[in-house]
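The primary structure of each chain is shown beneath.
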There are 2 protein chains.
Amino acid sequence: MAALNTIKSNCRKVMCIGRNYADHVTELNNQRPKQPFFFLKPASSLLLPDEGPVLRPSGVNMHFEIELGLVIGKTIRDLDTEDDAEIEQYIESYILAIDMTGRNVQEEAKKKGYPWSIAKGFDTFCPIAGPISKEKLTDPHNVEIYLKVNGETKQQDNTELMLFRIPRQLSDISKVMTLEKGDIVLTGTPKGVGPVVTGDVMECGMRINGKEVEEVKMRVE
Amino acid sequence: MAALNTIKSNCRKVMCIGRNYADHVTELNNQRPKQPFFFLKPASSLLLPDEGPVLRPSGVNMHFEIELGLVIGKTIRDLDTEDDAEIEQYIESYILAIDMTGRNVQEEAKKKGYPWSIAKGFDTFCPIAGPISKEKLTDPHNVEIYLKVNGETKQQDNTELMLFRIPRQLSDISKVMTLEKGDIVLTGTPKGVGPVVTGDVMECGMRINGKEVEEVKMRVE
Ligand SMILES: [Mg+2]
Ligand SMILES: [Mg+2]
Ligand SMILES: [Mg+2]
């Protein structure tokens, strides 16, 4: 299992699932998708725990989105499965990630039909923590992920609430583009997203059967 | 200067400029942008000359867009220049690329406010040829790029027609996200884009002062 700095330096794409928790779809007034919905973040947006704060670009309303992340261990191309057991072989490890989003930039892009790359792609817009081994995280569809801002819980939900489970996500992505060893997949965010400003402290983590997972505790300014 | 297969294997992002030639903006009924407009293609879409044909995903109306590409040689972050001489140091070499686009997928994304990642990101959707050295291509704002389909010229224009020149492109991108050594920047396509179907042959190339550049002649099925 590669260390977190190696995960960052080996990553060639970060593929994000959007609109994958029903209550989050509702809170942003979006339509519930009929199939997994995905977009790219650049590897240059990855931020390690010791690399300092998330930088807010001027004029940008910056939102947090806590997400369970997968580190791909083996090439996936044209996969077609809904079977949880079958996808294990393709996952090297798990991480926790914040899909930082310039919400006003994204809203403008959505209105004008522009790409999302800028809203999602600023430097520092993808803090990550971990990794967690597959031995420790045996069921990715049954972990609680949470994010607090200045001590107040903003997001806290179980990944069992995903609209499209991980086998379907990986299958659909891999029919469009090959997932390579080292790529990262973010599996979507539960409800509760919101803004942070410079100086706010985000604390995130994960619980398995109610027990805190120390490897992915993350504190980001 | 890295060889083309090394350029492919080292590339972590392909950043594309959209709407950068006035007549192309008009032909797609788009608005002329007030600033450079850009989006990501995944490195997994890169296709080398010996890797076979562009694959048309079923149901996708596949369009070609011939573009001059830059291979980044040195980290660019927060650059602010309009000076052609100043950006030379950041460019390792030049390539020719086809920004293949699922036009119907993109049109639907634009209408619905969805990201462009799928329309632009299919495997094989970024054929490349080259590289050409900076010694040979001394003025990137004065080369003719062309693309023929089944022998018929579809695109043929000089890069002097770019709405935003390369220093401005690199400056604007680098204020959003760091450009790393090995990244590729595609500088936009001139007028004449159109569909190809399986079996069509695209022949592309570049002329400097009317003289064919052998390094980037490309034939893609
Ligand atoms: Mg997200
Ligand atoms: Mg996009
Ligand atoms: Mg293009």
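See above for the structure.
This one's a predicted model, so the numbers in the text were calculated from it and none came from an experiment. (Residues numbered from 1 in each chain as written. Chains lettered and ligands numbered in written order. Predicted model: local features only at pLDDT ≥ 70, side-chain atom pairs only at ≥ 80, totals over all residues. Heavy atoms only, no water.)

What to know about the interface of chain B and chain A
Argument step 1. Taken together, the 30 residues of chain B in the interface contact 30 residues of chain A.
Argument step 2. In total, chain B and chain A occlude about 2,600 Å² of area from one another, counting both sides; carbon and sulfur atoms represent 59% of this.
Argument step 3. Considering only the surface of chain B that becomes buried against chain A, Arg12, Pro115 and Val176 of chain B emerge as the three largest contributors, covering 23% of it.
Argument step 4. The interface formed by chain B and chain A includes zero salt bridges.
Argument step 5. Across the chain B-chain A interface, the total number found is 16 residue pairs in polar contact (both at pLDDT 80 or more).
Argument step 6. The set of elements that each furnish at least two residues to the side of chain B that touches chain A consists of α1 (4-10), β2 (37-41) and α5 (117-121) of chain B.
Argument step 7. Among the elements that take part in the side of chain B that touches chain A, β2 of chain B stands out by supplying five residues, more than any other.
Argument step 8. Among the residues forming the side of chain B that touches chain A, the class breakdown is 14 nonpolar, seven polar and nine charged. (Contact = heavy atoms within 4.5 Å. Buried area = accessible area lost by both parts, 1.4 Å probe. Salt bridge = Lys/Arg side-chain N within 4 Å of Asp/Glu carboxyl O. Polar contact = N/O pair within 3.5 Å; in protein donor to acceptor, adjacent residues only side chain to side chain. Helix = DSSP H or I, 4+ residues; strand = E, 2+ residues; numbered from the N terminus. Nonpolar A, V, L, I, M, F, W, Y, C, P; charged D, E, K, R; others polar.)

Some words on helix α4 (residues 103-112) of chain B
All names here are of chain B.
Argument step 1. Listing the buried residues of α4 in full gives Arg103, Gln106, Ala109 and Lys110. Buried positions in α4, seen along its axis, are confined to an arc of 120° and lie on one side of it.
Argument step 2. Those residues of α4 hidden inside the fold are in contact with β4 (62-64), β7 (101-102) and α5.
Argument step 3. Once α4 finishes, Gly113 follows within two positions and takes phi at roughly 75°, a positive value. (Buried < 20%, exposed > 50% of the residue type's maximum accessible area, 1.4 Å probe, protein only. Arc of directions from axis to C-beta.)

As for the coordination of the magnesium ion (ligand 3)
All names here are of chain B.
Argument step 1. On the protein side, the magnesium ion (ligand 3) has Glu65 (OE), Glu67 (OE) and Asp99 (OD) as donor atoms, found 2.0 to 2.1 Å from it.
Argument step 2. Here the donor residues of the magnesium ion (ligand 3) are spaced in sequence according to E-x1-E-x31-D. Across this residue pair, the class does not change: Glu65 and Glu67 are buried. (Donors = N, O, S within 2.8 Å, 3.2 Å for Na, K, Ca; no water.)

Structural notes on the packing of aromatic side chains
Argument step 1. Here the structure, examined in full by the defined rule, presents eight aromatic pairs over all chains.
Argument step 2. Measuring from centroid to centroid gives 5.3 Å for Phe39 of chain A and Trp116 of chain A, while their planes differ by 45°, and the two rings are tilted. Placement of the pair is Phe39 of chain A in strand β2 (residues 37-41) and Trp116 of chain A in the loop between α4 (103-112) and α5 (117-121), with a sequence separation of 77 residues.
Argument step 3. Of the residues examined, Phe39 of chain A reaches a relative accessible area of 2% and is grouped as buried.
Argument step 4. Where Phe122 of chain A meets Phe125 of chain A, the ring centres are 5.1 Å apart and the plane angle is 50°; that geometry is what we call tilted.
Argument step 5. Residue Phe122 of chain A is classed as buried on the basis of its relative accessible area, which comes to 8%.
Argument step 6. Taken together, the ring pairs in this structure connect Phe37, Phe39 and Trp116 of chain A together with Tyr114 of chain B into an aromatic cluster.
Argument step 7. In this structure, Lys74 of chain A is placed above the aromatic ring of Tyr90 of chain A, and the distance from its NZ or CZ to the ring centre is 5.2 Å. (Phe/Tyr/Trp six-rings, centres within 6.5 Å; stacked < 30°, edge-to-face > 60°. Lys NZ or Arg CZ within 6 Å of the ring centre and 35° of its normal.)

Some thoughts on the pairing of strand β8 (residues 126-132) of chain B
All names here are of chain B.
Argument step 1. In terms of residue burial, β8 counts as a mostly covered element, since seven of its seven residues are buried.
Argument step 2. One ladder, built from two bridges, connects strand β3 (residues 46-47) with β8; its direction is parallel. Its bridge partner lying in β8, Leu47 is registered against Pro127.
Argument step 3. As paired elements, strand β6 (residues 91-98) and β8 share three bridges and run antiparallel to each other. Its bridge partner being in β8, Tyr94 is matched across the sheet by Ile132. (Pairing = 2+ DSSP bridges.)

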